[in-house]
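The chain contents come next:
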Amino acid sequence: MNAQEIIKQYEGLRRAMPDAKLPALEADAYQLTVTHKTENSAESAYAVLDSFNPVAGWMGFQSGNQHFNHEPLPKAGANYGQLLNAEVTNGKGASLHVRYNGNGGWVVTEYGYSTGNDYMADKVRHVASFDKDGNTTLQYLRFWQERDGALGVNPVFACFVGLGGKA
């Protein structure tokens, strides 16, 4: 069964059981592309972030976190020390995640998503600890896929898609 067929069946079940309060899935099914690479310095990881042309995201440094929403990417190391991790979106169907690997390298993963037929998705929000602009949530598209009929549908990836409103 493809993702679009599962979405249709799930939405029928969701409507038939309103008391269950099942979360809504996105109406479209998706295709994903995922690429990984390792950078050997915080500076090179920051350069990859900068060249991605992000429009929103958050960055974790040794001594603090910064977020931005339709503003320039925060300066690397600006009063916070070395970059440790980040999640940004370019607003065009791609998300870039950076993670310090604890061994002197930074794993950079780019997720691209477009209309397809392999993955279902739902939107999830996580409470963040900032409210400078009234944005107190981090928003993600969480992708689901049926890998084995016996195991059902399972979450596979979550891509950062932006900052949300109040939680």
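Just above, that's the structure.
Rules and cut-offs
- Residues numbered from 1 in each chain as written.
- Predicted model: local features only at pLDDT ≥ 70, side-chain atom pairs only at ≥ 80, totals over all residues.
- Heavy atoms only, no water.
- Core = buried A, V, L, I, M, F, W, Y, C linked by side-chain atoms within 4.5 Å.
- Buried < 20%, exposed > 50% of the residue type's maximum accessible area, 1.4 Å probe, protein only.
- Helix = DSSP H or I, 4+ residues; strand = E, 2+ residues; numbered from the N terminus.
- Contact = heavy atoms within 4.5 Å.
- Salt bridge = Lys/Arg side-chain N within 4 Å of Asp/Glu carboxyl O.
- Phe/Tyr/Trp six-rings, centres within 6.5 Å; stacked < 30°, edge-to-face > 60°.
- Arc of directions from axis to C-beta.

Asker: Help me out: how do you make sense of the nonpolar core in this one?
Answerer: In a soluble, globular protein the nonpolar side chains are often hidden away together inside. The biggest cluster of nonpolar side chains holds 18 residues, and the ones touching the most others in it are Leu49, Met59, Leu83, Leu96 and Val98. If you list the elements that add at least two residues to this core, you get α2 (42-51), β2 (56-61), β4 (83-89), β5 (94-100) and β6 (106-115). With five residues, the single largest contributor to this core is α2. Setting aside its immediate chain neighbours within four residues, Met59 contacts Tyr46, Leu49, Gly64, Asn65, Gln66, Phe68, Leu73, Pro74, Leu83, Asn85 and Ala86.

Asker: Is there a simple way to explain the pattern of salt bridges in this structure?
Answerer: Side-chain pairs of opposite charge can arise where the charged atoms are in close proximity. Tallied over the full model, the rule gives four salt bridges. Taking the shortest distance from any N to any O, the salt bridge between Arg14 and Glu11 comes out at 3.0 Å. Of the two residues, Arg14 and Glu11 are both situated in helix α1 (residues 3-16); the distance of three residues between them amounts to about one turn of the helix. For Arg14, a relative accessible area of 27% corresponds to the partly exposed category.

Asker: Would you mind going over the environment of Phe68 with me for this structure?
Answerer: Position of Phe68 among the secondary structure elements: in strand β3 (residues 64-69). Along the primary structure Phe68 and Val55 are separated by 13 residues, whereas in three dimensions their C-alpha atoms are 7.7 Å apart. When residues no more than four places from it in sequence are discounted, the contact partners of Phe68 are Pro54, Val55, Ala56, Gly57, Trp58, Met59, Leu73, Pro74, Val88 and Leu163.

Asker: Whenever I open this one, the packing of aromatic side chains confuses me. Can you help?
Answerer: Note on aromatic pairs: each is described by the distance of the centres and the angle between the planes. The tally for this structure, following the rule as stated, stands at eight aromatic pairs. Ring centres of Tyr30 and Phe143 lie 5.4 Å apart, and the angle between their planes is 85°; on these two criteria the pair is classed as edge-to-face. Within this pair, whereas Tyr30 is found in strand β1 (residues 30-39), its partner Phe143 is found in strand β8 (residues 137-148), the two being separated by 113 residues in sequence. Its relative accessible area of 10% is what places Tyr30 among the buried residues. Classification of Phe143 by relative accessible area gives buried; the value is 0%. For the pair Tyr113 and Phe143, a centre-to-centre distance of 5.7 Å together with 50° between the ring planes defines the contact as tilted. Highlighted residues: Tyr113 in strand β6 and Phe143 in strand β8, separated in sequence by 30 residues. Taking the relative accessible area as the measure of exposure, Tyr113 reaches 18% and is therefore buried. Counting every residue linked through ring pairs, the aromatic cluster contains Tyr30, Tyr113, Tyr119 and Phe143.

Asker: Before we go on, may I ask you to explain α2 in this structure?
Answerer: Working note: α-helix, 3.6 residues per turn, so residues spaced by three or four point in the same direction. Those residues of α2 that fall on the buried side of the exposure criterion are Ala42, Ala45, Tyr46, Val48 and Leu49. Projection of α2 onto a plane perpendicular to its axis shows the buried side chains occupying an angular sector of 155°, all on one side. Of the exposed residues in α2, those oriented more than 90 degrees away from the buried face are Glu43 and Ser51. Buried residues belonging to α2 abut β1, β2, β4, β5 and β6. One or two residues past the end of α2 sits Asn53, with phi positive at roughly 55°.

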